[in-house]
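Each chain is listed here by its residues.
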Amino acid sequence: MGYGIPSVRAMSDTNPTEQTSREPSGACFTRAVTRALAEEPALEAVTLDRTRQTISVATLGRTDVAKLTERVGARIQAADESQDAACQLLRGDGDCSTCASPLTGSERQNITIKYEHGATTIARVTCPTAPKFWRWRDLPFPKVVQRDVEFLEDHHHEDEWKPQLVLAMLCGALGLLAAYVAPPAWRIPLFALSYLAGAWFPAEDVWERIRQRAIDVHFLMIAVAVGSASIGAWGEGATLLFLFSLSGALEHYALGRTQKEIRSLFHEAPKVATLLDARGGESELPVEQLQTGMRLLVKPGSQFPVDGEVLKGGTAADESNLTGEATPVEKTVGDTVLAGTINLWGAVEVGVLRPAAQSSLQKIIQLIKEAQQQKAPSQQFADKFGTVYTYLVLALSGVMFFVWWLGFHLPAFTSTAAVHSAFYRTMTLLVVASPCALVLSIPSAVLAAIAWGARHGVLIRGGAAVEKLADVTVVALDKTGTLTTGELRVEKVESFPSGRESEVAQLAYSLDRLSTHPLARAVTRYGKQKGLTAIEFAHFESVTGQGVRGRCERGEYLLGRREWIASARGDQAVAQVPPTEAGFSEIWLSSRELLGHIVLRDDIRPQAQGVVDELKASGLRTIVLTGDRRATAEHLKSELHLDEVRAELKPEEKVAAIKLLSEGGKRVAMIGDGVNDAPSLAVAHVGVAMGARGSDAALEQADIVLMHDRLENFLAAFRLSQRARRIIRQNLVISMGTVVVLVGFALIGRIPLPVGVVGHEGSTVIVVMNSLRLLFGGVSKTNRS
């Protein structure tokens, strides 16, 4: 396992938790970019070139470039140019202590600054492989306004089906009244009112389309209804509009239920938080104004307003709305709490980890919003085909009118009891050939699958992921945090010779508290629980794949892998200590006068064996790609009966392994959770990230997110994908099959308009209801392709 901590150029003695509550006046470019990097997960680096008057931004993963540019530009535009002129960092001196608003230690530790040919590049710290995947864009100096935090709101009118259903029923009732009850003098006015009720909502869509210089199936239906009325077939036109508007109401009901299922996962986000000052005083503060490092009081029964760390007290949290896990999760000092989850019983003090806009809740909401806008490959094809098909239907109907009229000598517009006119047959052909069911066959299934997944702890980022996952033949898994719990615990601390264990623990904690690596998190949690005092390091740097090096008043210290420490010391002190047993990890600390190690244990997930067995039973090959020692990897292989393990891999070697499998014709799903896994997730056929607590880089690259780190949810996602693919195929067969049959009968004149309307609208309703089986039905273990 490559033990590494992100690189940092230097640290000041400022407390890492110190940050102001709002953007300081007169903030310089460096602070503006640092804040932007902290709040924009997709943003990786920003380059300022004042000579060219450009700002270049580097992004990783999916992002809305226009909106990202607007937000980044707002921060930079607000930066004070006079501060930029005096900024030592921008001039390359590497010191911002003279700035009116200098960077804090925690801000400096998360960025690197590079100067080249008069341009300044500020980048977030990340793994060495990640910059190869960055996408750079040159932008002019932006001039936009600041954007506030946005909370989830209902923009989808999920109850719109109700007035649609009322008007559809009114259309049908007026049509029946005109056809069978009303005297002749009242028939036309009642039919006209029936048409008005049935065409009200479709006409709105038609008008919007016409303004965009486009037409769709709504236009065809209204055109047929008007055409029917023009030849005296009022009853047929009313029947068409009744069934069409009723079908539309049912479609909106089905899609509204899908949206409602998604929104029901989230309680209303809290708008204010209780802020604690240095003397323990309480005050109310809007959630969007909370900044990293602030101390909050969260009382029992309240929601946690932002992602935070428990500083004082203990409680349990209900995280079911985020993770799908109904069991309360115990929270003690050092544990992370998530925005939107509920504090069940204890009053706790919480330190803010990130602003509200970057909380786990907002991250998940954004993922779901993006997912609903991303189309599956088959849907993209259907959309293109549907547009061309609509024009072909119009052209065919026009041609067939003249064929029936001039070729078969049928009456042009006047139907008789014995024969329908050419115009009547043309209207029938237009109805039965319209692609209503085809247009809805794929998006209705995709949205239902996304909603079912979100309700069961699986976030699927769009239709492409729904379809692609069913094609997977190989599942590649990271070890730490994926097959193992990722919640390592310190088993013991040893020094050589013995007697200095507390010093080893304190120094390791002081170095590791700057990292998010699983091993470092375990040591940091251990240090906080033991109440260890952190030592400030004047110099701190990362050695990729090996560990970290730091310098303080006591001297220089190395923290990392056994092999690296042994090589750096150049003696036999490390070799005299037996390696840890399989299933355990270790971190070594070394200086001129001190040597010790910390032994940690990472348990295999209880569900891992069952998941691997199910994957193999489904015909999938399982491969573990890990940076851990070969002995540990082989132990994992024997315990879980994996098909293959590849150990001691660097991030770029994981990427190469996935590419090699893909070139061999395999469809690979990669499951990981950390920053180092992000490149592998990007190149895999399907990238799967573990949990809402996964790194931003991993979440940005993932096609699917498994909430609460529940590996067994991958099986649910895989089966859901298989079932969704089958339902999509069923929908396509139903929609296209119905069109082929009805068009065939229409061309030979063997189908009246009302029957054509029933067949056309009936197939549309069947397709939508078939898709809803994904939303309300379970996922069987026997669902396999």
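The subject of this paragraph is the overall build of the protein chain. When helices and strands are tallied, the protein chain shows 27 helices and 27 strands. In the protein chain, once contacts between residues fewer than 6 apart in sequence are set aside, the share between residues at least 24 apart is 69%. Taken as a whole, the protein chain presents about 33900 Å² of accessible surface, with 56% of it coming from carbon and sulfur.

In this model helix α15 (residues 443-455) runs 18 Å from its N-terminal to its C-terminal C-alpha over 13 residues, within 8% of the 18 Å that 1.5 Å per residue would give. In terms of burial, α15 is a largely internal element, 12 of the 13 residues being buried. When α15 is considered as a whole, its buried residues turn out to be Pro443, Ser444, Ala445, Val446, Leu447, Ala448, Ala449, Ile450, Ala451, Trp452, Gly453 and Ala454. Remark: glycine 457 follows α15 within two positions and exhibits a positive phi of approximately 85°.

Take the packing of aromatic side chains next. The geometry of two aromatic rings is summed up by the distance between their centres and the angle between their planes. As enumerated under the stated definition, the model contains 10 aromatic pairs in all. Taking the centre distance of 6.4 Å and the plane angle of 85° together, the rings of phenylalanine 401 and phenylalanine 423 count as edge-to-face. Of the two residues, phenylalanine 401 is situated in helix α12 (residues 377-407) and phenylalanine 423 in helix α13 (residues 422-433); the sequence distance between them amounts to 22 residues. Taking the centre distance of 6.1 Å and the plane angle of 35° together, the rings of phenylalanine 402 and tryptophan 405 count as tilted. Note that phenylalanine 402 and tryptophan 405 are positioned in helix α12 at a spacing of 3 residues, about one turn of the helix. Overall, tryptophan 405 belongs to the partly exposed group, its relative accessible area being 35%. Three or more aromatic residues link up through ring pairs in this structure, and these residues are Phe401, Phe402, Trp405, Phe413 and Phe423.

As a further point, take a nonpolar patch on the surface. Taken together, Leu396, Val741, Phe745, Leu747 and Ile748 make up a surface patch of nonpolar side chains, about 430 Å² in accessible area. By the secondary structure assignment, leucine 396 is in helix α12. Residue class for leucine 396 comes out partly exposed when judged on its relative accessible area of 36%.

The full count for this structure, using the stated rule, is 26 salt bridges. Among the ionic pairs, glutamate 309 bridges to lysine 528, the shortest N-O distance being 2.2 Å. Of this pair, glutamate 309 sits in strand β9 (residues 308-312) while lysine 528 sits in helix α19 (residues 518-530), placing them 219 residues apart in sequence. A relative accessible area of 15% means that glutamate 309 is categorised as buried.

Turning next to helix α22 (residues 630-640). For α22, the set of buried residues is Thr632, Ala633, Leu636 and Leu640. The arc that holds the buried residues of α22, viewed along the axis, is 100°, so those residues lie on one side. Buried-residue contacts for α22 involve α17 (479-483), β21 (584-590), α21 (608-617), β23 (621-625) and β24 (644-646). Backbone geometry just after α22 places histidine 641 at a positive phi near 60°.

The biggest cluster of nonpolar side chains holds 49 residues, and the ones touching the most others in it are Leu483, Ile704 and Phe714. Apart from the residues lying within four places of it in its own chain, the contact partners of phenylalanine 714 are Leu469, Val475, Leu615, Ala669, Ile671, Val688 and Leu706. If you look at the next biggest cluster of nonpolar residues, it comprises 46 residues, including Cys171, Ala225, Leu410 and Tyr424.

A cis amide bond links phenylalanine 496 with the next residue in sequence, proline 497, at an omega value of 0°. One non-glycine residue, histidine 409, lies in the positive phi region at around 55°. Secondary-structure assignment places histidine 409 in the loop between α12 and α13. Phi is positive for histidine 641, close to 60°, though the residue is something other than glycine. By the secondary structure assignment, histidine 641 is in the loop between α22 and β24. With a relative accessible area of 47%, histidine 641 lands in the partly exposed category.

Quick look at the pairing of strand β2 (residues 54-59) now. Counted residue by residue, β2 has 6 buried out of 6 residues, so it is predominantly covered. Residues Thr54, Ser56 and Ala58 line one face of β2 and the alternating positions Ile55, Val57 and Thr59 line the opposite face, and both faces are buried. Bridge count for strand β1 (residues 43-49) against β2 is 6 bridges, and the pairing is antiparallel. By the bridge assignment, leucine 48 is partnered in β2 with isoleucine 55.

Two elements in contact, helix α26 (residues 712-747) and helix α27 (residues 753-776), have axes whose closest approach is 10 Å; the angle formed by their N-to-C orientations is 180°. Considering their axes alone, α26 and α27 lie roughly antiparallel with respect to each other. Facing Leu720, Arg723, Ala724, Ile727, Gln730, Asn731, Ile734, Ser735, Thr738 and Leu742 of α26, the residues of α27 in contact are Gly756, Gly759, His760, Ser763, Ile766, Val767, Asn770, Ser771, Arg773 and Leu774. Its residues assigned to classes, the contact of α26 with α27 comprises 8 nonpolar, 10 polar and 2 charged.

On to the sheet that holds strand β16 (residues 474-477), then. The 7 strands are arranged β15-β27-β26-β25-β16-β23-β24 in an open sheet whose pairing can be described as mixed. At either end of the open sheet lies a strand with only one pairing partner, and these are β15 (458-460) and β24. Strand-to-strand twist across the sheet, computed as the mean angle between neighbouring axes with direction ignored, equals 20°. Of the pairings in the sheet, the one linking strand β25 (residues 668-672) to strand β26 (residues 686-690) comprises 4 bridges and is parallel in character. Paired with glycine 672 across the two strands is alanine 689, which belongs to β26. Along the sheet, α26 makes contact with β15, β16, β25, β26 and β27 (704-706), crossing β15 at roughly 45°.

Here the focus is the sheet that holds strand β11 (residues 329-331). Pairing between sheet strands relies on hydrogen bonds along the backbone, with the strands arranged either parallel or antiparallel. The strand order β11-β10-β13 describes an open sheet built from 3 strands, whose pairing is antiparallel. Strands with a single pairing partner mark the edges of an open sheet, and in this sheet they are β11 and β13 (342-343).

Take the confidence of the model for the protein chain next. In the predicted model, the protein chain carries a mean pLDDT of 78, and 76% of its residues have values of at least 70. Per-residue pLDDT stays below 50 along residues 88-95; that stretch engages in 22 contacts with residues further than four places along the chain or on separate chains. In the predicted structure, residues 141-156 sits below a pLDDT of 50 and forms 34 contacts with residues beyond four places in sequence or in another chain.

Looking at the element boundaries, arginine 592 is found in the loop between β21 and β22 (595-601). Separated by 23 residues in the primary sequence, arginine 592 and arginine 569 have C-alpha atoms spaced 8.2 Å apart.

Moving on, we come to the side chain of asparagine 343. Counting through the fold element by element, asparagine 343 comes out in strand β13. Residue asparagine 343 is classed as buried on the basis of its relative accessible area of 0%. In terms of polar contacts, asparagine 343 uses its side chain to reach the backbone carbonyl oxygen of glycine 346, at 2.6 Å. Ignoring any residue separated from it by four or fewer positions in sequence, one finds asparagine 343 in contact with Val298, Lys299, Pro300, Gly301, Ser302, Phe304, Thr315, Ala316 and Val348.

This paragraph deals with the pairing of strand β7 (residues 282-286). A regular strand carries its side chains on alternate faces of the sheet. Relative to β7, strand β6 (residues 272-276) runs antiparallel, the two being bridged by 5 bridges. Each bridged residue has a counterpart across the sheet, and for alanine 273 the counterpart in β7 is leucine 285. Connecting the antiparallel pair β6 and β7 is a turn made up of 5 residues, with glycine 280 showing a positive phi of about 90°.

Two elements in contact, α13 and α26, have axes separated by 9 Å at closest approach and are oriented at 175°. The orientation of α13 with respect to α26, classified from their angle, is roughly antiparallel. Between α13, through Thr428, Leu429, Val432 and Ala433, and α26, the contact on the second element is made entirely by Val739, Leu742, Val743, Ala746 and Leu747. Along the lines of polarity and charge, the residues of the contact of α13 with α26 split into 8 nonpolar, 1 polar and no charged.

The rules behind these values
Residues numbered from 1 in each chain as written. Predicted model: local features only at pLDDT ≥ 70, side-chain atom pairs only at ≥ 80, totals over all residues. Heavy atoms only, no water. Helix = DSSP H or I, 4+ residues; strand = E, 2+ residues; numbered from the N terminus. Contact = heavy atoms within 4.5 Å. Areas by Shrake-Rupley, 256 points an atom, 1.4 Å probe, with all protein chains shown as cover. Expected span 1.5 Å × (residues − 1). Buried < 20%, exposed > 50% of the residue type's maximum accessible area, 1.4 Å probe, protein only. Phe/Tyr/Trp six-rings, centres within 6.5 Å; stacked < 30°, edge-to-face > 60°. Patch = residues over 30% accessible without salt bridge, like charges linked within 9 Å, V, L, I, M, F, W, Y side chains within 5 Å. Salt bridge = Lys/Arg side-chain N within 4 Å of Asp/Glu carboxyl O. Arc of directions from axis to C-beta. Core = buried A, V, L, I, M, F, W, Y, C linked by side-chain atoms within 4.5 Å. Pairing = 2+ DSSP bridges. Axes fitted to C-alpha atoms, helices over the stretch in contact; angles between N-to-C directions. Parallel < 35°, antiparallel > 145°, perpendicular 65-115°, else oblique. Nonpolar A, V, L, I, M, F, W, Y, C, P; charged D, E, K, R; others polar. pLDDT = per-residue confidence, 0-100. Polar contact = N/O pair within 3.5 Å; in protein donor to acceptor, adjacent residues only side chain to side chain.

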